[in-house]
Structures are given as C-alpha cells and as structure tokens.
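# Residue-level structure breakdown
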Amino acid sequence: MNYTLRQLRVFLAVAAHGSFSRAADAVGLTQPAVSRGVAELEDALGVRLLDRTTREVVLTDAGTALVPALERLLGQLDDTLEETRQLGERYRGRVVIASAPTISARLMPLYVSACASQYPEIRLFVRDNVQADGLEQIRAGAVDFGVLIDPLAREGLTIAPLATDPFCFVCRRDHPLAQAESVPWSALHGERLVLLDFASGSRPLIDRILARHGVAPQVVQELGHSASVFGMVEAGIGASVLPSFSLPLPEASPLVSRPLTPREERSIVMVRREDRSLSPAAAAVWELVRNLPIPAEAAG
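Since the model is a prediction, treat every value here as computed from it, not as a measurement.

Turning our attention to the overall build of the protein chain. Along the backbone of the protein chain there are 10 helices and 12 strands. Whereas a compact globule of 300 residues would reach a radius of gyration of roughly 19 Å, the protein chain reaches 32 Å, over 25% beyond that. Along the first, second and third principal axes, the C-alpha set of the protein chain runs to 105 × 35 × 30 Å. Across the 300 residues of the protein chain, 41% fall into the buried class. Expressed as a percentage of contacts within the protein chain between residues at least 6 apart in sequence, the contacts between residues at least 24 apart total 74%. Of the accessible surface of the protein chain, which amounts to about 15600 Å², a share of 51% is contributed by carbon and sulfur atoms. Positive and negative charge centroids in the protein chain, built from 30 and 35 side chains respectively, lie 1 Å apart.

Here it is as structure tokens:
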C-alpha cells in the first residue's frame, strides 16, 4: 500500500471543508493538486472515500469511518514531532571540550558558567590537556571540539578564531630587566630562559618569534605547565616568556611580568573535525563559545 502523509492531510482538509476549492486554500495547494491527492489516496487504498457532484463533496461510508481514526493518528504524530522539536531546542546531553591548561584556567570557567545558565540540561565537561593531546582527542573524535592555540597543521580541521593572547616576559624582581616598563625581544639574546616544552602550543610560536627577531637565548629548562615555570623562575633558574593567559602570577611571589615589544601574540581558536557534524547540544555550545564576549580581565 503506497500513500503519503501529504495525501492523508489533503483528504482530511477536503472532509473538513466539504469542498476541494476551500481545502486547497486551507492547505496552500491548487485545486487540481488537491483532487489529484485524494484520487491517488483512493487508488492506494482501493476504495472510494468521497462522492463528488457538481455542487458538493460527500464522504462515503469508508471515508466517514477513516476520518476520526486518521485525525487521531495524525494528531498523535504532530504531538510527537512537536515534542521532538522542543527536545532539540532544549539541547540536552553531554558535551566535551578539549582545552589547553592556560585556556582552561582563564576562559573555560566563563564558558562552563554561561552554558549552565543558558542550557541547564547540557552537561559540559572540560578535558584539560596540553595542546598536542587536545588535537589528538579532536582528531580521534574523543571530544566534541576544542578551544586551543591555533595549530600549525590544520588539515582535516575546521577552525574558528576566538581571541588573541600576547606573550610577556616573566622574571624575579631583582632581575636587571624587572624595572623596565616593557622588554624588547632583542634583550632576550643570551638570556637564561625557562620555557614551556614542545607539547605546548605556545612553544613553537615562541621559538619562531625569537628566530624572527634574531634572538638566541639559553634555554635552561623546558616544562609542561606554567605553574612549574613560575617555580623555576622564582628559584632563580632563569627568566621566562609566557602567554598572558598564564597570569596572574602566584600571590606574594617575587615575580613580575612585563609586556614584550613589539607585541607578539598567539591566536586562541575553536577547533573541530572537518568531517564530523556536531550534535545539536555541541553545536549550541560551539555558538555560545564563539559569541560570548571575553571580559578584559580574562583576556589579560
């Protein structure tokens, strides 16, 4: 038996209005299209549903029996579809975001809080990992998307810009450069530096910037987290170059931060797999993150 939902709705419209022309107006079709729809339904069922005269349209016994059952079934279908639509609008479910440590500390609290307020039925989880691990999780489909440093290798990824984050110089208060309002990159030539390691998305950028300015520091330690870098700098092992999102400095520490000139920055981006669609909940969080203003204090 071959019939369509459109044919069923057209038949109910004719039954309700007792006229092909009035039914056509009600459903937004032409009168020939309405007549054709009813005829096709009758052919599919093998029974006449309407008796047609030049003056009126009258339901047959079969048509009269079909109308209430069809109204009930289509009403249930409409209710179910409306519930499904509302479910989609509520955006319930689990969304997982990969994030680098400094971004997790500065931006993720904003996004988690905003999501809880705007979409209370979405459970938002943050995977706090170094850049390399975050990218691996995105490519493997282990997370919905990431908020990371703009990756050098973009193949197979969809990237959306989010924010910029300038690099700064961090040293002890007794360091010769600590009294300067800003520190030129050239002043770092030969300087003992404690830097983030290459699992960080910032380290390749820092090395490129140093090379572009013709600066060759002494890298004395390479560490995975900015908190570890702070400890080394505080101990006098060396100074550091860090993204501003690494700030503020530990309370009551003997460290200071100074802007580096000329300004050099890293780009914070949203990253997802190019070949994978986001779930409705993940798409809602993606748009929330992309459009949420970043307060000046969070942006350093």
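Moving on to the side chain of serine 99. With respect to the secondary-structure elements, serine 99 resides in strand E3 (residues 93–99). At a separation of 2.9 Å, a polar atom in the side chain of serine 99 contacts the side chain of serine 104. Beyond its immediate stretch of four places on either side in the chain, serine 99 contacts Ser104, Met108, Val126, Arg127, Asp128, Asn129, Val147 and Leu148.

What follows is about the state of the cysteines. Considering all chains together, one arrives at zero disulfides under this definition. In this structure cysteine 171 is not part of a disulfide, and its nearest cysteine sulfur, from cysteine 168, lies 10 Å away.

If you check the domain split of the protein chain, you get domain 1 (5–88), domain 2 (93–163 + 267–298) and domain 3 (166–265). Of note, the centres of domain 1 and domain 3, computed from C-alpha atoms alone, are 74 Å apart.

Bridge analysis of strand E8 (residues 192–196) against strand E9 (residues 218–223) gives five bridges, and the strand direction is parallel. Residue pairing across strands places valine 194 opposite glutamine 221, the latter belonging to E9. As for the winding sense of the linkage, the β-α-β connection from E8 through helix H8 (residues 202–212) to E9 is right-handed.

As a further point, take the packing of aromatic side chains. Applying the stated rule across the entire model yields one aromatic pair. Of note, arginine 94 hangs over the ring of phenylalanine 125, and the distance from its end group to the ring centre comes to 4.7 Å. Here the basic side chain of arginine 272 rests over the ring of tryptophan 286, its NZ or CZ set 5.2 Å away from the ring centre.

You can see arginine 273 is positioned in strand E12 (residues 265–273). A polar side-chain atom of arginine 273 sits 3.0 Å from a polar atom in the side chain of aspartate 275. If we ignore the near neighbours within four places in the chain, the residues touching arginine 273 are Ile138, Arg139, Ala140, Gly141, Gly156 and Thr158.

Quick notes on the rules
For every chain, the first residue of the written sequence is number 1, and numbering continues from 1 onward in sequence order. Local features in a predicted model are, by the rule used here, given only for residues with pLDDT of at least 70; side-chain atom pairs are given and counted only at 80 or more, and totals for whole chains, interfaces and linings are based on all residues. The side-chain figures draw on all heavy atoms in the structure; neither hydrogens nor water molecules are used. Numbered from the N terminus, helices here are DSSP runs of H or I no shorter than four residues, and strands are runs of E no shorter than two. For a compact globule the rule gives 2.2 Å times the number of residues to the power 0.38, and the radius of gyration it is set against comes from C-alpha atoms. When a residue's accessible area, from a 1.4 Å probe over protein chains only, is under 20% of the maximum for its type it is buried; when over 50% it is exposed; and in between it is partly exposed. It only takes one pair of heavy atoms within 4.5 Å for two residues to be counted as in contact. Each accessible area value is a Shrake-Rupley result obtained with a 1.4 Å probe; residue values ignore everything except the protein chains displayed when judging cover. When charges are tallied, Lys and Arg are placed among the positive residues and Asp and Glu among the negative ones, while His and the ends of the chain are skipped. A single reference atom marks each charge: NZ on Lys, CZ on Arg, CG on Asp, CD on Glu. Any N or O atom pair separated by 3.5 Å or less is treated as a polar contact, with the protein-specific requirement of one donor-capable and one acceptor-capable atom, and with residues adjacent in sequence counted only for side-chain atom pairs. In what follows, a disulfide is any cysteine sulfur pair within 2.5 Å. Domains are outlined according to an automatic or database domain assignment. At least two bridges found by DSSP between two strands are what make those strands a pair. Orient the strands so they point away from the viewer; a crossover is then right-handed if the path from the first strand over the helix to the second runs clockwise. Two aromatic rings from Phe, Tyr or Trp, using only the six-membered ring of Trp, form a pair when their centres are within 6.5 Å; if the ring planes differ by under 30 degrees the pair is stacked, by over 60 it is edge-to-face, and anything between is tilted. In this scheme, the term charge over a ring applies when either NZ of a lysine or CZ of an arginine sits within 6 Å of the ring centre and within 35 degrees of the ring normal.

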